[in-house]
Each structure stands twice: as structure tokens, then as C-alpha cells.
Amino acid sequence: MRALLLSCLIAATPAFAGTVSLAPATVTEWKSVYGTVEARETVPARARIGGIVQSLSVTEGDMVTAGQEIAVVHDDKIAFQVAALDAQIEALKAQLSTAQADLERGQALVERGVITAQRLDQLQTSVDVLSGQITTIEAQRSIAEQQGAEGRVLAPGDGLVLTVPVTPGAVIMPGEPVATIGGGGVFLRLSVPERHASALKEGAEIRISAAGPAAAGRIAKLYPQISNGRVVADVEVEGLETDFVSARVLVSLPVGEREALLIPRGAVATRAGLDFVRVTEAGAEVERAVVLGEDVRQDGQEMVEVLSGLAAGDMVVLP
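Residues numbered from 1 in each chain as written. Predicted model: local features only at pLDDT ≥ 70, side-chain atom pairs only at ≥ 80, totals over all residues. Heavy atoms only, no water.

A few words now on the overall build of the protein. Along the protein, the regular secondary structure elements total three helices and 18 strands. For the protein, whose C-alpha radius of gyration is 41 Å, the value lies well above the compact-globule estimate of 20 Å for 319 residues. Along the longest, intermediate and shortest principal axes, the C-alpha atoms of the protein span 155 × 45 × 40 Å. When each of the 319 residues of the protein is scored for burial, the buried share is 31%. (Helix = DSSP H or I, 4+ residues; strand = E, 2+ residues; numbered from the N terminus. Rg over C-alpha atoms; globule rule 2.2 N^0.38 Å. Buried < 20%, exposed > 50% of the residue type's maximum accessible area, 1.4 Å probe, protein only.)

Turning to the packing of aromatic side chains, a few remarks are in order. The final tally for this structure, using the stated rule, is zero aromatic pairs. A cation over an aromatic ring shows up here: Lys221 above the ring of Tyr223, its NZ or CZ 5.4 Å from the ring centre. A cation over a ring is seen here: Arg248 above Tyr34, with NZ or CZ 4.3 Å from the ring centre. (Phe/Tyr/Trp six-rings, centres within 6.5 Å; stacked < 30°, edge-to-face > 60°. Lys NZ or Arg CZ within 6 Å of the ring centre and 35° of its normal.)

Time to look at the environment of Gly183. Looking at where Gly183 falls in the secondary structure, it is placed in strand E9 (residues 177-193). Given a relative accessible area of 8%, Gly183 falls into the buried group.

By the definition in use, this model includes 16 salt bridges. A salt bridge links Asp86 to Arg141; its shortest N-O distance comes to 2.3 Å. Linking Asp86 in helix H2 (residues 76-111) with Arg141 in helix H3 (residues 117-149), this pair joins segments that are 55 residues apart in sequence. Assessed through its relative accessible area of 28%, Asp86 is described here as partly exposed. Residue Arg141 is classed as partly exposed on the basis of its relative accessible area of 23%. Residues participating in the shared-partner salt-bridge network are Glu29, Arg258, Glu294 and Glu305. (Salt bridge = Lys/Arg side-chain N within 4 Å of Asp/Glu carboxyl O.)

Approximately 280 Å³ is the volume found for the largest pocket. Broken down by secondary-structure element, the contributors of at least two residues to the lining of the largest pocket are strand E2 (24-46) and strand E16 (284-298). Per-element accounting of the lining of the largest pocket gives the leading share, six residues, to E2. Tallied by class, the residues present in the lining of the largest pocket amount to three nonpolar, five polar and five charged. (1 Å grid on protein atoms, 1.4 Å probe; cavity = no way out; pocket = protein on both sides within 12 Å on 5 of 7 lines; lining within 4 Å. Points joined across faces, edges and corners; volume = space filled by probe spheres on them. Nonpolar A, V, L, I, M, F, W, Y, C, P; charged D, E, K, R; others polar.)

Quick look at the nonpolar core now. In this structure, Val64, Ile70, Val153, Val161, Ile172 and Val178 are the most contacted members of the largest nonpolar core, which totals 19 residues. At the level of elements, strand E5 (69-74) and E9 are the ones that each hand at least two residues to this core. Beyond its immediate stretch of four places on either side in the chain, Val153 contacts Ala45, Arg46, Ala47, Gln68, Glu69, Ile70, Ala71, Val73 and Val178. Core analysis: the second largest hydrophobic core is formed by 18 residues, Ile206, Val235, Val249 and Val255 among them. (Core = buried A, V, L, I, M, F, W, Y, C linked by side-chain atoms within 4.5 Å. Contact = heavy atoms within 4.5 Å.)

With that settled, consider the sheet that holds E5. Spatially, the four strands line up as an open sheet ordered E6-E5-E3-E8, and their pairing is antiparallel. Every interior strand has two partners, whereas the edge strands, strand E6 (152-154) and strand E8 (171-172), have only one. Bridge count between strand E3 (residues 51-56) and E8: two bridges; the pairing is antiparallel. Residue Ile52 lies in a different strand from E8, and its bridge partner there is Val171. (Pairing = 2+ DSSP bridges.)

Our focus in this paragraph is the pairing of E16. With seven bridges connecting them, strand E15 (residues 274-281) and E16 associate as antiparallel partners. The residue bridging Phe276 from the neighbouring strand is Ala289, located in E16. Hairpin remark: E15 followed by E16, antiparallel, with two residues in the connecting loop; positive phi at Ala282, about 55°. Where E16 meets strand E17 (residues 301-308), six bridges bridge the pair, whose relative direction is antiparallel. Note that in E17 the partner of Val291 across the bridge is Ser308. From the end of E16 to the start of E17, which pair antiparallel, there are two residues, and Asp299 there has a positive phi angle of about 55°.

This is the structure in C-alpha cells:
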């Protein structure tokens, strides 16, 4: 009786859990390229005057804030100019003092009729001219002092010091960079062969393999000019962690679509180095040797591409 019941249960058990009809599916073709980590804002801190680098307070890798003093450029000629202008001001002040004394005496004499009003006007004009000259020289002195103050090289913004091409004691000219500051975070810059230019779209998702786990990004900007047979694209990546600017990161770009036969990874059995897939033929299960391609994630399920051994319409047995 027990044997009869067991045989009935075996007969009632289906030969397979389920089947799926194999049909071509659209998959995205990815191309691996290297992207370069770039700072969003790369601004040189330039010297506004020429001279000798008297002090340098930063080096590569330092963090700076906007307005922080990073170097001092000194020009000896500015101090000499200020001293010469001071001497001119003192001489003009002495002349002005004499002219004012002459004007006061002239006012007293014109009241007694000793000198004419015309002579008094000449004395007044001399005082006004000397006062104007003193004002002009004082303005020139202020300009020289401001030039001396511009020897302080300030950081143009918050960020990381990328390069410092000068050393203390070096002679630099106005406008030469003392340091390069990178701030505002980082992004990836790609250089893609122009044959893939038509497949690239702004906003397209890409896959990134940095030092940590794989991340996703999107193409933020495509540059219209092709240089040396390559298209330049900028990629936005949230949480891109890197300690180095200009580091190379492996990136996978979508460059097209194609039709492929996909089956669940669990439907593949591997024995003796060969891959087998169970299919149904005339109501019976048979195994076929297959050649597999790359793994593909589709609709949240791990799939694998079948290159040969199966055809569209085959009924694949699912585990």
C-alpha cells in the first residue's frame, strides 16, 4: 500500500518547475574608457606685482580658504618710490607755507594800498597751485602704497592647493601664478573616440568603477568640438571619493543597443567546464551545451547572454 502511494506521488510530480520561451531582448552595449578626475573650479592665485617671493605659506595638498594669504611678493622699488614722493611732499609743503605767508602779507598791504589787487590774486594763485600739487603727489603716494599692499597673494577661493610652481626667493612677473587652487568638488572628464559620438547623449547613465564600490553617474555636458578624433564629455557623479585630482577612473559608456538571447543565470548548470541548459522538446527535458556571453542585469534579475546552443522559441526549463 505504501509503495503504491509513493508511486502515485512520483507520477503526480511535474518534470520541471517552469519553462520560459526564449525570445530576443534589447541590451545596451557598453564601452570601457578611462575618465579623469577634475576639479570643478581650477583657479590660479596670481601675483599682482612683480618682484621677489619673500614668503610662501602653502604647499601642494594644503586646504585654503578664500582670502587667505598664501605668499608675499616684495619689490624694493616701491619703497624707494614712496620715499621720493614723501620728499616731494615735504618740499611742496615748505613752498606752500612760504606762499601762504606771502598771501597774508599781501592782504595786509592791499588794504593800505601798497600793492594792487592783481598782485594779491597772483599770490592766491600760487597758494592754490601748490595745494593742488601736494594733493597730486599724495595721491601718487597712495598708489605706490597700494602697489606694495598688492604684494600679498590671496587665495581666490576655498579649495585644495594643486600646484605651487614657485619657491621663496624666486623672481616673478605680474600675472604669474603662485599657486593653483582646485575647489567646488570634483567631476569626471571623458575623452571618447568620435565614432561613438552619435551614441552619447546628455543625461545618459554611465557606470563607474572607482577605488570603492561601483557607482552610477550621468553625462552632464557634451562638448561640440572634436579634438584629435575624440569627443570630450563631463560626467556628474554623486559621492565620488578620490584623494587625487587627475586620477584615472574606469568608466563604462552606453554606445548602442543590440538584440540578444538572455536566460536567468540560475538556469545554467556547469559540469566539467561546460555549461548546460535544460530545454523541453516534445514534452521531454533535454540538456544542451551552450556558449555563454556576458552577464546582464535586466529588470532587477541576473541574466546571462547565450551566444550559441539555443535559438529563439526554445522552451528553457527554470530551476
